[in-house]
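# Architecture at a glance
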Amino acid sequence: MTTETTQSLEQMQAEIAALKEQRIQELEMATAQRELDQLKSGKLPVEPVTNNAAIAGEQIGDIKLARVRQGLNGLAHFVAGPIASVYYGSKTGYWMPTLAATGVAVIGLPLALVDMGLTFALAAPVTSCLLMCNQSSEKRRQLGILLPEQADAMMSEVTRF
């Protein structure tokens, strides 16, 4: 590497660190402002479900899973099973349902000759859909939220620069 490239990489890393610090300060100020507004209105400040400044990169994946609309997930798997499985895997970064459905399809392929493809057509999408919905529900429970809209709000606060 040349000296210029090394210096520009160091400058970029310093800028990224400064932006992260600035974002943390903005979130702390927003939290303090909410508490002040609550005190002015006569309410006691309520602790947020999560501290947005403390949300790490691995928790963004949890929020992505919590954002899954389970009804639409089921409908998508009913209409286009393999496509929906790959779509939700890429959207959330959670590929286990897609891999499990592929395994079920491979196992169900010999049965397709006996039952005219019914097991092959139904078992894999149902497996993928149920695994994704169960994982989504679990992540919502862990994050202390009930609805995917709450996860959307959490994601918008975390990813905003």
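In this report, we go over the structure that sits alongside the text. (Residues numbered from 1 in each chain as written. Predicted model: local features only at pLDDT ≥ 70, side-chain atom pairs only at ≥ 80, totals over all residues. Heavy atoms only, no water.)

## So, the overall build of the protein chain
- A count of helical and extended segments in the protein chain gives 7 helices and 0 strands.
- Its helices and strands taken in sequence order, the protein chain reads α-α-α-α-α-α-α from the N to the C terminus.
- Within the span of the protein chain, comprising 161 residues, buried residues form 25% of the whole.
- Contacts in the protein chain between residues far apart in sequence, at least 24 positions, make up 68% of those at least 6 positions apart.
- Surface exposure of the protein chain reaches about 10,900 Å², of which carbon and sulfur atoms provide 65%. (Helix = DSSP H or I, 4+ residues; strand = E, 2+ residues; numbered from the N terminus. Buried < 20%, exposed > 50% of the residue type's maximum accessible area, 1.4 Å probe, protein only. Contact = heavy atoms within 4.5 Å. Areas by Shrake-Rupley, 256 points an atom, 1.4 Å probe, with all protein chains shown as cover.)

## Here we look at the packing of helix 5 (residues 96-115) against helix 6 (residues 118-143)
- Packing of helix 5 against helix 6 leaves a shortest axis separation of 7 Å and a crossing angle of 160°. Judged on the interaxial angle alone, helix 6 and helix 5 are roughly antiparallel. Helix-helix and strand crossings are classified by hand; for helix 5 and helix 6 the assignment is right-handed. Counting all contacts with helix 5, which are made through Met96, Pro97, Thr98, Ala100, Ala101, Val104, Ala105, Gly108, Leu109, Leu111, Ala112 and Asp115, the residues of helix 6 involved are Leu118, Thr119, Phe120, Ala123, Ala124, Thr127, Ser128, Leu131 and Met132.
- Class assignment for the residues of the contact of helix 5 with helix 6 results in 15 nonpolar, 5 polar and 1 charged. (Axes fitted to C-alpha atoms, helices over the stretch in contact; angles between N-to-C directions. Parallel < 35°, antiparallel > 145°, perpendicular 65-115°, else oblique. Left-handed = near helix turned anticlockwise from the far one by under 90°. Nonpolar A, V, L, I, M, F, W, Y, C, P; charged D, E, K, R; others polar.)

## Things to note about the environment of glutamine 150
- Inspection of the secondary structure assignment puts glutamine 150 in helix 7 (residues 148-159).
- Under the relative-accessibility criterion, glutamine 150 is labelled partly exposed at 37%.
- Taking the C-alpha atoms as reference, glutamine 150 lies 8.8 Å from alanine 66; in sequence the two are 84 residues apart.
- For glutamine 150, the side chain forms a polar contact with the main-chain nitrogen of leucine 147, separated by 3.0 Å. (Polar contact = N/O pair within 3.5 Å; in protein donor to acceptor, adjacent residues only side chain to side chain.)

## A word on the side chain of arginine 140
- Turning to its location among the elements, arginine 140 is positioned in helix 6.
- No salt bridge is formed by the buried arginine 140. Its closest oppositely charged neighbour is glutamate 149, at 7.2 Å.
- A distance of 2.4 Å separates a polar atom in the side chain of arginine 140 from the backbone oxygen of valine 68.
- What arginine 140 contacts, discounting residues up to four positions off in sequence, is Ala66, Val68, Arg69, Gln70, Ile145, Leu146, Leu147 and Pro148. (Lys, Arg positive; Asp, Glu negative; His and termini not counted. Salt bridge = Lys/Arg side-chain N within 4 Å of Asp/Glu carboxyl O.)

## Topic: the pattern of salt bridges
- Inspection of the entire model under this criterion finds 6 salt bridges.
- A salt bridge links lysine 139 to aspartate 62; its shortest N-O distance comes to 3.2 Å. Note that lysine 139 is positioned in helix 6 and aspartate 62 in helix 2 (residues 57-66), a separation of 77 residues in sequence. The two residues lysine 139 and aspartate 62 agree in class, both being buried.
- We note a salt bridge from arginine 69 to aspartate 152, for which the minimum N-O separation is 2.5 Å. Of this pair, arginine 69 sits in the loop between helix 2 and helix 3 (70-79) while aspartate 152 sits in helix 7, and the two are 83 residues apart along the sequence.
- Taking relative accessible area as the criterion, arginine 69 reaches 27% and is therefore assigned partly exposed.
- Among the residues examined, aspartate 152 registers a relative accessible area of 22% and is labelled partly exposed.

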